[in-house]
Amino acid sequence: MTSSRSRPARALLTLTALLALGLAACSEGPDRTSAAPASGGGAGAAAPPSTPAGPTGTALRVETVAGDFANPWDVAFVGGDRMLVTQRDGSLSLVTGLGPGARVTPVAADLSSVYARGEGGLMGIAAAPDVATSGSFVTCQTHQEGGRPVDVRVVSWRLSPDGTRADRVRDPLVGGLPVNPSGRHSGCRPTFAPDGMLLVGTGDTARATIPQDRGSLGGKVLRVDPATGGPAPGNPFAASGSAAERLVSGYGHRNVQAVAVQPGTGRGWSAEHGPDIDDEVNVVIPGSNYGWDPAQGGESPGGYDESVPMTDLDRYPDAVPAAWSSGDPTEAISGAAFLDGPAWGDMAGLLAVSAQKGEKLFFMRPGTGADENRIVEVTVPPELDGEFGRLRGARLGPDGALYLTSDNGSDDVILRVTRA
């Protein structure tokens, strides 16, 4: 069974939709605002109509909090004016101060088992809601034994009160996430939901059958009880005989880079890498299939077939269409965080999504009512359009500011973004 229109036809559809919205590929100016392109699935739905400009023209203040990092993957706020920063090579640092001139000190932690190669290493980090008193946080990391990669895993830690040391509490909290020796499609970023449960986006490790296999933890959004590492109450496959499947909230993903929780609704939104087209932002709907199947139901003669749609609505008619798709080309979207708090004014409620290859930040506005599962507007602020290179992490701080990490390999920085 064939599953999709050809790439050229899809690329032409995307270009036609963009031209219809009056967006030239080389558009320049203070802002770039558009309606969201259609999902990259087989249905070929038309792009939504353009919407009011919203934050267009709103100036931002971008400050460098600290620098001299190498591939900082993520940040977590651990009480007061302190944040932890993971670096992909297996380094953990404490940043004291949430503005320019912050002090950076190493955190003593046994990270000798981290396997840092390609897209894998020490990746996402999330602090427990009670971290200020408990010191509890979790990391995503690629684990090796004797120099051989074993799995991607979630590890729980406790930070000492003075922030100088972190001790493992449970290793793994969740283990057995698949790993590719090259590090390809490793995922992996955790986020605590308002109910205290842990959401973890994972990658498919470029193995064809994994995304649609609910008995594998790769290519999924997991929902985990952080106290036990077991399934969170109410998980959609809680009755399964497979321990892995009981952790699964959504499946059929390629390489989930982040899950952000929408204020006021508690709903998760994921950011995901596409192949050479169609990065996706998706709404996390428990029990749902998101339609990535490079095995083509086991019919692909070439194994990992990346010519299939990111959301294959022909093969999987019930798959969830993307809330937003990049079309052609991809941007390599990475971190995601919702803006919240009075300081953001009418920008509150926007989803901030960082991009590596695109070297920019997107502000995305979710719809309401019948459009609640769609992004209806996208803006790229000029202050964060190519000014800092590749952008990786995106987290909202306790002060309401947005914090980003650059990911250029050397002289990387942590940025603080506020409304000017």
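About the cut-offs
- Residue positions are counted from 1 within each chain, in the order its sequence is given.
- Note on the predicted model: pLDDT of at least 70 is required for a residue's local features to be given, and 80 or more for side-chain atom pairs to be given and counted; whole-chain, interface and lining totals, by contrast, use all residues.
- Neither water nor hydrogens contribute to the side-chain values; these are computed over all heavy atoms in the structure.
- Buried residues are those whose accessible area, probed at 1.4 Å on protein chains only, stays under 20% of the maximum for their type, while exposed residues exceed 50% and partly exposed ones sit between those limits.
- Only DSSP runs of H or I with at least four residues qualify as helices, and only runs of E with at least two residues qualify as strands; both kinds are numbered from the N terminus onward.
- Any two strands with at least two DSSP bridges between them are considered paired.
- What qualifies as a polar contact is a pair of N or O atoms within 3.5 Å, subject to a donor-acceptor requirement within protein and to the restriction that residues adjacent in sequence count only when both atoms come from side chains.
- Any Lys or Arg side-chain nitrogen found within 4 Å of a carboxyl oxygen on Asp or Glu counts as a salt bridge.

(A) Structural context of the pairing of strand β7 (residues 122-127). Where burial is concerned, most of β7 is hidden: six out of the six residues are buried. The pairing of β7 with strand β8 (residues 136-145) spans four bridges and is classified as antiparallel. Paired with Ala127 across the two strands is Phe137, which belongs to β8.

(B) Quick look at the side chain of Arg315. Relative to the helices and strands, Arg315 is located in the loop between β17 (280-284) and β18 (324-325). Given a relative accessible area of 13%, Arg315 falls into the buried group. A polar side-chain atom of Arg315 sits 3.4 Å from the main-chain carbonyl oxygen of Gln296.

(C) Main features of the pattern of salt bridges. The final tally for this structure, using the stated rule, is 20 salt bridges. Among the salt bridges present, the one from Asp110 reaches Arg168, with a minimum N-O distance of 3.8 Å. Of the two residues, Asp110 sits in the loop between β6 (103-106) and β7 while Arg168 sits in strand β10 (residues 166-177), which places them 58 residues apart along the sequence. For Asp110, a relative accessible area of 44% gives the class partly exposed. In this structure, Asp346 engages Arg419 in a salt bridge whose closest nitrogen and oxygen atoms are separated by 2.9 Å. On the criterion of sequence distance, the pair formed by Asp346 in the loop between β19 (333-338) and β20 (351-355) and Arg419 in strand β25 (residues 412-419) is long-range, its members being 73 residues apart. Using a relative accessible area of 28% as the deciding quantity, one classes Arg419 as partly exposed. Overlapping salt bridges bring together Asp110, Asp151, Arg153, Arg168 and Asp171 as one network.

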